[in-house]
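# A structural walkthrough
Spelled out from the first residue to the last, the chains are:
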Amino acid sequence: MKKRSVSPTKKRSSKASLIIKVTLLLVASLVICVTAYAVYLTKQVEHAADSAHEELEGREVSTLREEKVEPVHDNVSILFVGVDDSDNRGQGSDHSRSDALVLATLNNKTQTIKMLSIPRDSYVYIPEVGYKDKITHAHAYGGTLASIDTVEKLLDIPIDYYVRMNFNAFIDVVDALGGIEAEVPYALHELDEFDKYTINLQPGLQQLNGSQALALARTRKQDNDIERGKRQQEILSAIIKKVASVKTITKYDDVIKALGDNMKTNMTFTEMKSFLSYLSEGVPRIDTLTLDGTNDTSTGIYYYQLSQESVNEVKETLKNHLGLNESSSSLTSNRTERNAISEESSTNEQPQ
């Protein structure tokens with residue numbers, strides 16, 4: 001019996017076909033693994049966002065709004081509340097004083113942000129207790145809701161969203177972004193988050209990790225609370241710009257995951273992503289505002305007495321930025337405009 005001969009060409013063809021099949025199998029396996037990992041990461045991020053979500057009882061929307069705002073479509077405000085809830089100071093998140101209060105307003109049309117740091121010793125009326133005291137005490141009296149009510153009373157503008165974070169959350173966010181650049185005004189030898197003197201910084205523009213950025217944000221030994229407020233604005237601006245310059249969605253995921261149990265916010269996961277898409281359109285222009293005032297120790301206790309003229313100027317600036325002076329509500333104005341555009345579009349699509 002004659003042996004059937006196989007030509008070299010057929011051998012090569014069979015071998016090439018096998019290589020192609022194996023390659024396709026590997027590629028398909030890789031795609032499946034990457035997809036599964038992406039789903040896993042998304043679920044992790046969504047879980048972290050859900051853990052951070054907290055609706056304040058009895059406050060679905062500010063009393064200064066006609067209805068709930070929609071991020072990106074509407075001009076909105078966010079109050080950042082920094083708290084020290086460490087066991088070292090025996091406070092706990094519900095009874096701690098606010099270490100930082102920064103109010104940001106976002107204008108959708110101009111793609112700009114206005115940022116106001118409120119001095120922690122500002123002597124203001126606190127609705128929770130019905131008398132004037134340092135604004136830092138509002139959080140100790142009634143938590144986040146008391147802080148929000150106090151800021152709304154002071155500035156007469158709606159607080160749409162809040163973000164309350166402790167020191168760990170701040171550190172983790174900065175580290176998740178790979179650090180930030182910030183100007184250090186003078187040589188610093190400061191406490192870290194564990195109350196140990198491990199932070200040593202030299203003056204000038206520095207690349208800072210989370211612990212270093214926190215120390216810079218908290219220090220006021222060599223100047224005062226006003227300068228500290230300006231540093232907090234600069235650091236928050238640096239974080240916003242870093243997020244806006246991020247090119248990969250995985251970095252956004254890292255930031256959200258970093259927050260976890262160290263942050264509380266009334267933003268949903270979907271709303272968080274809306275804000276991130278707002279920043280992904282480019283670095284917004286950030287204008288910083290300050291509240292002028294004078295030091296007052298006449299009672300034996302230090303207070304920062306706000307200038308009513310300065311408060312009024314800031315109030316008008318923020319109202320204009322939110323569009324509240326153009327109509328009864330920027331929300332109503334924006335939605336009326338969008339509805340008109342939608343109606344015009346649908347009319348044009350109708351057959352003649």
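Our structure is the block above this text.
Anyway, here's the lowdown on the structure attached to this text. (Residues numbered from 1 in each chain as written. Predicted model: local features only at pLDDT ≥ 70, side-chain atom pairs only at ≥ 80, totals over all residues. Heavy atoms only, no water.)

## A look at the packing of helix α4 (residues 210-218) against helix α5 (residues 225-245)
For any two helices packed against each other, the geometry comes down to the angle between their axes and how far apart the axes lie. Relative to each other, α4 and α5 sit at 145°, their axes nearing to 8 Å. Residues Ala213, Leu216, Ala217 and Arg218 of α4 lie in contact with α5, whose contacting residues are Arg228, Arg231, Gln232 and Ile235. Of the residues contributing to the contact of α4 with α5, the split by class is four nonpolar, one polar and three charged. (Axes fitted to C-alpha atoms, helices over the stretch in contact; angles between N-to-C directions. Helix = DSSP H or I, 4+ residues; strand = E, 2+ residues; numbered from the N terminus. Contact = heavy atoms within 4.5 Å. Nonpolar A, V, L, I, M, F, W, Y, C, P; charged D, E, K, R; others polar.)

## Considerations on the environment of Thr198
Position of Thr198 among the secondary structure elements: in the loop between β8 (188-190) and β9 (199-201). As for Thr198 and Ser211, which are separated by 13 residues in sequence, their C-alpha atoms are 9.4 Å apart. Here the side chain of Thr198 touches Asp192 through a polar contact of 2.8 Å, side chain to side chain. (Polar contact = N/O pair within 3.5 Å; in protein donor to acceptor, adjacent residues only side chain to side chain.)

## Section: α5
Under the 1.5 Å per step criterion, the end-to-end length of α5 is 30 Å for 21 residues, consistent within 8% with the ideal 30 Å. Where α5 starts, the residue carrying a side-chain oxygen 3.0 Å from the main-chain nitrogen of Ile226 turns out to be Asn224. (Expected span 1.5 Å × (residues − 1).)

## Thoughts on the pairing of strand β14 (residues 303-306)
Sheet analysis places strand β13 (residues 293-296) next to β14, joined by four bridges and oriented antiparallel. Each bridged residue has a counterpart across the sheet, and for Asp296 the counterpart in β14 is Tyr303. Taking the residues between adjacent antiparallel strands as the criterion, β13 and β14 are bridged by six residues, where Gly300 takes a positive phi near 90°. (Pairing = 2+ DSSP bridges.)

## Quick look at the nonpolar core
By size, the foremost hydrophobic cluster in this structure holds 52 residues, and its most contacted members are Phe170 and Ile239. Among the nonpolar cores identified, the runner-up in size contains 28 residues, and Val81, Val151, Ile157 and Leu306 belong to it. (Core = buried A, V, L, I, M, F, W, Y, C linked by side-chain atoms within 4.5 Å. Buried < 20%, exposed > 50% of the residue type's maximum accessible area, 1.4 Å probe, protein only.)

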